[in-house]
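Secondary and tertiary structure notes
Here is what each chain is made of, one letter per residue.
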Amino acid sequence: MVQVNLLAVGVAETEAIGACLASTSPTRAMVYLRGDLGAGKTTWVRGFAQALGHQGVVKSPTYTLVEPYELGNIQLFHFDLYRLHDPQELEYMGARDLFGAQAVCLIEWPERGGGELPDADLVVQLRVTGAHRQVFLSSLTSIGERWLTAAQACLTTFLSE
Ligand code: ADP
Ligand code: MG
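Cut-offs applied
Residues numbered from 1 in each chain as written. Chains lettered and ligands numbered in written order. Predicted model: local features only at pLDDT ≥ 70, side-chain atom pairs only at ≥ 80, totals over all residues. Heavy atoms only, no water. Helix = DSSP H or I, 4+ residues; strand = E, 2+ residues; numbered from the N terminus. Expected span 1.5 Å × (residues − 1). Bend = angle between axes of the 7 residues up to and from the residue. Buried < 20%, exposed > 50% of the residue type's maximum accessible area, 1.4 Å probe, protein only. Contact = heavy atoms within 4.5 Å. Salt bridge = Lys/Arg side-chain N within 4 Å of Asp/Glu carboxyl O. Donors = N, O, S within 2.8 Å, 3.2 Å for Na, K, Ca; no water. Pairing = 2+ DSSP bridges. Axes fitted to C-alpha atoms, helices over the stretch in contact; angles between N-to-C directions. Parallel < 35°, antiparallel > 145°, perpendicular 65-115°, else oblique. Left-handed = near helix turned anticlockwise from the far one by under 90°. Nonpolar A, V, L, I, M, F, W, Y, C, P; charged D, E, K, R; others polar.

Considerations on helix α5 (residues 142-155)
Taking 1.5 Å of rise per residue, the 14 residues of α5 would be expected to cover 20 Å, and the 19 Å separating its terminal C-alpha atoms lies within 8% of that figure. Maximum bend of α5: about 25 degrees, positioned at threonine 149. Among the residues making up α5, those that are buried are Gly144, Trp147, Leu148, Ala151 and Leu155. Where α5 is buried, its residues touch β1 (3-8), α1 (11-23), β2 (29-34), α2 (41-51), β6 (122-129) and β7 (132-139).

Brief notes about α1
The terminal C-alpha atoms of α1, which comprises 13 residues, lie 18 Å apart, in line with the 18 Å expected from a rise of 1.5 Å per residue. Listing the buried residues of α1 in full gives Thr14, Ile17, Gly18, Cys20, Leu21 and Ala22. Buried residues along α1 sit against β1, α2, β6, β7 and α5.

Examining the pattern of salt bridges
The full count for this structure, using the stated rule, is 4 salt bridges. Between arginine 96 and glutamate 116 there is a salt bridge, with its nearest N and O atoms 4.0 Å apart. In this pair, arginine 96 sits in helix α4 (residues 95-100) while glutamate 116 sits in the loop between β5 (104-108) and β6, placing the two residues 20 residues apart along the sequence. On the basis of relative accessibility, which here comes to 55%, the residue arginine 96 falls in the exposed class.

Here we look at the coordination of the magnesium ion (ligand 2)
Coordination of the magnesium ion (ligand 2) by the protein involves Thr42 (OG1), Ser60 (OG) and Glu108 (OE), with metal-donor separations of 2.1 to 2.3 Å. All donors of the magnesium ion (ligand 2) come from a single chain, and their spacing in sequence reads T-x17-S-x47-E. Of the two residues, threonine 42 is situated in helix α2 and glutamate 108 in strand β5; the sequence distance between them amounts to 66 residues. Look at glutamate 108 and you get buried, because its relative accessible area is 2%.

Let's talk about the pairing of strand β4 (residues 74-80)
A large share of β4 lies buried, amounting to 6 of its 7 residues. Looking at chain direction, strand β3 (residues 66-71) and β4 are connected through 6 bridges and run antiparallel. Each residue of the ladder has a partner; that of leucine 71, found in β4, is isoleucine 74. As consecutive antiparallel partners, β3 and β4 are separated by 2 residues, and within that stretch glycine 72 has a phi angle of approximately 60 degrees, a positive value. In terms of strand pairing, β4 meets β5 through 5 bridges, oriented parallel. Its bridge partner lying in β5, phenylalanine 77 is registered against cysteine 105.

A word on the packing of α1 against α2
α2 packs onto α1 with a crossing angle of 50 degrees between their chain directions and a minimal axis gap of 7 Å. Judged by the angle between their axes, α1 and α2 are oblique. Of the two elements, α1 crosses α2, and the hand of that crossing is right-handed. In this structure, α1 uses Val11, Thr14, Glu15, Ile17, Gly18, Ala19, Leu21 and Ala22 to contact α2, whose residues at the interface are Thr43, Trp44, Arg46, Gly47, Phe48 and Ala51. Of the residues contributing to the contact of α1 with α2, the split by class is 8 nonpolar, 4 polar and 2 charged.

Given below as structure tokens:
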């Protein structure tokens, strides 16, 4: 397991950390974004998507649960499961097909998905600290480990103890 502890002093830094991970992203992966409301999960996803060429806004798909993006060679699904009442709803919405696709899935509020979600390759944990955000990255599979290792050089300016 590779673990990296970072400090994002402002919004641009949270986005830049997302962009670093985008720059070494595999074309298929499962990412859990953990952290309270307002911790910066969607901000991280925005940096990720924009680094891959997305030009518009990135908002939490709070009511639609998932937002698809077609970004060059990367197919991206951004989930926000905050309003998921029952993990079974993921079945009804066809999420299983999305999880099985050649795609990167970025999932806010994965804890709401119960046992319906595939295991994460990478976990992004965000925590509010004063006016800043702590960002903990950890890999849980060999895919995640290669990914995070490749991103290390890009992340050095954000390293914290
Ligand atoms: P979440 O998706 O976790 O609910 P958001 O990404 O919507 O959180 O961000 C919540 C707020 O935190 C936004 O106003 C965003 O600009 C701000 N924010 C994100 N990263 C940082 C940071 N590193 N320092 C200060 N504010 C941040
Ligand atoms: Mg959000």
